[in-house]
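Remarks on the overall topology
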Amino acid sequence: METIQADVAIIGAGGAGLRAAIALAEADPKLKIALISKVYPMRSHTCAAEGGAAGVIKADDSLEHHFNDTVGGGDWLCDQDAVEYLVQEAPKELIRLEHWGCPWSREPNGSVAVRPFGGMKKQRTWFAADKSGFHILHTLFQTSLQFPSINRFDEYYATELIVDDGRCRGLTAIEMRSGQMRQIQARAVIIAGGGAGRIFPFTTNGAIKTGDGMALAYRAGVPLKDMEFVQYHPTGLPSTGTLLTEACRGEGGVLLNKNGRRFLQDYGMGPETPLGKPVFKTMELGPRDRVSQAFWHEQKKGNMVPTQWGDAMLLDMRHLGEKTINERLPLVRDMSISYMGVDPVTDPVPVRPVAHYMMGGIHTDIRAATRLAGLFAAGECACVSINGANRLGSNSLTELLVFGRRAGLSAMEYLQSGPNAGSDAATGALANAAQARVRALFQRSGGKESVVGLRKEMMQTMEQHAGIYRTGEGLGAACDKLAELRRRYARVELQDKTNVYNTDLLQALELGSMLDCAQAVAASAAARRESRGAHQRLDFPSRDDKNYLKHSLAYYNRAEVPRMDYCDVVITKSQPGVRDYSGGHE
Ligand SMILES: Cc1cc2nc3c(=O)[nH]c(=O)nc-3n(C[C@H](O)[C@H](O)[C@H](O)COP(=O)(O)OP(=O)(O)OC[C@H]3O[C@@H](n4cnc5c(N)ncnc54)[C@H](O)[C@@H]3O)c2cc1C
């Protein structure tokens, strides 16, 4: 097997992976960096982000406000030292991006424009129209091109981490063009593989978000933290799940039920405010968990608008006027017309909650280090944790930058500490074993299970039992079903046995990752007998700080359901309190 040598291997070339690569290349030009991605970097999901990135910049705002909004928004499950680091580094990172060429939208006086975002009580979301992720990723990608030490391995699919003598020493990856397996030997590895929204059938997430990065670490013995917290975004298009950014509401759009009522005022997010500018009151800018939950209740009351794709609420932006919509929300207008046949300038757009973001992920400390020596993680696949039980919109793009950089620097410090080099023979043997496991997939025959069939059953299980509201009974059924699917997965047979761009093989591997992530979500949710943030249990409707003010840790267990454990939440200055969104934004 061909072996590629690197000092640091990074799995993932989205926002977090690229930022980590740049940090390493800047810090030490002599380091050899391998940047591995199953798609071309600009096709990473970061490209799809619309609304913007949070960072304090205006005179009436402060780091303390950003900290308090984030910790309260996360229902006090955030590690507060990590949040302090996030808010402090955020403006520096966003200004750095500006210097690298990111075209942030401007105020008429030329200063950087910010917009209101859900759960943020001050305006601090930097944006580039409604294509913020595209511009951020493009800026990072073009910046990365200036460093000869960053070697890209585009369209390489990472299959396993190589762990020898208690340290992570690289990975195996399939070169998709040839179907050949490669060993990538590295002294440190950073996982930046993104989220796992594809375990749900109705999601804003691109097809590549199958939780591979999480599964790689999980199978290597690193726990997945807080996996029960899955964010539903309130405003997806019912036809496709495509996201209409929270910026629609940040700019002043309102949510209506079938009676034309701004129903959020009935769910502790009032008072109702007059239409027109400025409309920076809580209402539609409540946090995502609360707004999605309100939809569920309105649906039970029969207050939603029926569409051919199921019940929806209406997102009304007509009062913003064509000029503002074209300037600030051009993509939203395009997508509403393309996918729903509705022009937001003239008509309200039907929307409904849609699975969007994983708050949980690979357990790391504030330095982005995992418990496995030599392994680091950043971005949506990681849980550091700044998002707690509910992420505030626009904190994720910032997290990619702040903790992507941090992961790069921590990996460098690890190398400087002089970890032993390990044995080539041992890592070679582990790589061969990983290759044999993939080859074994080609040998199977006579199996009746298909990737498509199992994936569908998995998604239905998650939608039915692990959605906005959950019960112990439903989660128990989900755990049983997922365990059954995992057993049946062992009998999946490939239809395509060729080598070149074998998407059948890749989808089978991705399904394996998704089943692992789905099991971690269901088991963690079943074990948390309280309601907090995005995890709402109908059978345990209250938050229970006495028993559950702690992070869940799910450990991989080959034969059975995950083993659960817990660890403490870091509290520095904000004691758990009541989340109050009844007042106004400023
Ligand atoms: C539609 C949408 C809009 C959003 N809008 C916003 C917003 O406005 N503001 C905000 O803060 N957040 C937003 N988010 C969330 C945010 O965009 C994501 O959480 C973030 O971009 C994830 O970045 P990442 O670098 O962690 O991963 P990604 O950008 O998803 O990149 C993952 C990388 O990992 C690679 N990879 C994965 N598995 C493998 C494997 N097995 N082998 C090799 N490579 C692999 C992929 O090729 C890819 O390069 C949005 C999310 C969505 C879906």
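Under the criterion given, the structure shown has seven aromatic pairs. Summarising the aromatic geometry, the rings of Trp296 and Tyr469 are spaced 4.2 Å apart at their centres and angled 40 degrees between planes, so their arrangement reads as tilted. Of the two residues, Trp296 sits in helix α7 (residues 288-300) while Tyr469 sits in strand β19 (residues 469-470), which places them 173 residues apart along the sequence. In this arrangement the basic side chain of Arg352 is found over the ring face of Phe202, its NZ or CZ atom lying 3.8 Å from the centre. Its guanidinium or amino end placed over the ring of Tyr357, Arg391 lies 4.0 Å from that ring's centre, counting from NZ or CZ.

On domain assignment, one finds that the chain holds domain 1 (2-51 + 127-231 + 356-426) and domain 2 (233-354). Look at where the C-alpha atoms of domain 1 and domain 2 centre, and you get two points 33 Å apart. Both faces combined, the contact of domain 1 with domain 2 buries some 1,500 Å², and carbon together with sulfur accounts for 61% of it. Contact with domain 2 buries surface across domain 1, with Glu50, Asp130 and Phe202 losing the most and accounting together for 42% of the total. Remark: the boundary between domain 1 and domain 2 carries zero salt bridges. At the junction of domain 1 with domain 2, the criterion picks out seven residue pairs in polar contact (both at pLDDT 80 or more). Of the residues that constitute the side of domain 1 that touches domain 2, the class distribution is four nonpolar, seven polar and four charged.

A few words on the environment of Asp424. Looking at the element boundaries, Asp424 is found in helix α11 (residues 424-443). Under the relative-accessibility criterion, Asp424 is labelled exposed at 55%. Linking Asp424 and Arg169, residues 255 residues apart in sequence, is a C-alpha distance of 9.9 Å. Within polar-contact distance, the side chain of Asp424 engages the side chain of Gln185 at 3.3 Å.

Rules of the game
- Residues numbered from 1 in each chain as written.
- Predicted model: local features only at pLDDT ≥ 70, side-chain atom pairs only at ≥ 80, totals over all residues.
- Heavy atoms only, no water.
- Phe/Tyr/Trp six-rings, centres within 6.5 Å; stacked < 30°, edge-to-face > 60°.
- Helix = DSSP H or I, 4+ residues; strand = E, 2+ residues; numbered from the N terminus.
- Lys NZ or Arg CZ within 6 Å of the ring centre and 35° of its normal.
- Domains from an automatic or database assignment.
- Buried area = accessible area lost by both parts, 1.4 Å probe.
- Salt bridge = Lys/Arg side-chain N within 4 Å of Asp/Glu carboxyl O.
- Polar contact = N/O pair within 3.5 Å; in protein donor to acceptor, adjacent residues only side chain to side chain.
- Nonpolar A, V, L, I, M, F, W, Y, C, P; charged D, E, K, R; others polar.
- Buried < 20%, exposed > 50% of the residue type's maximum accessible area, 1.4 Å probe, protein only.

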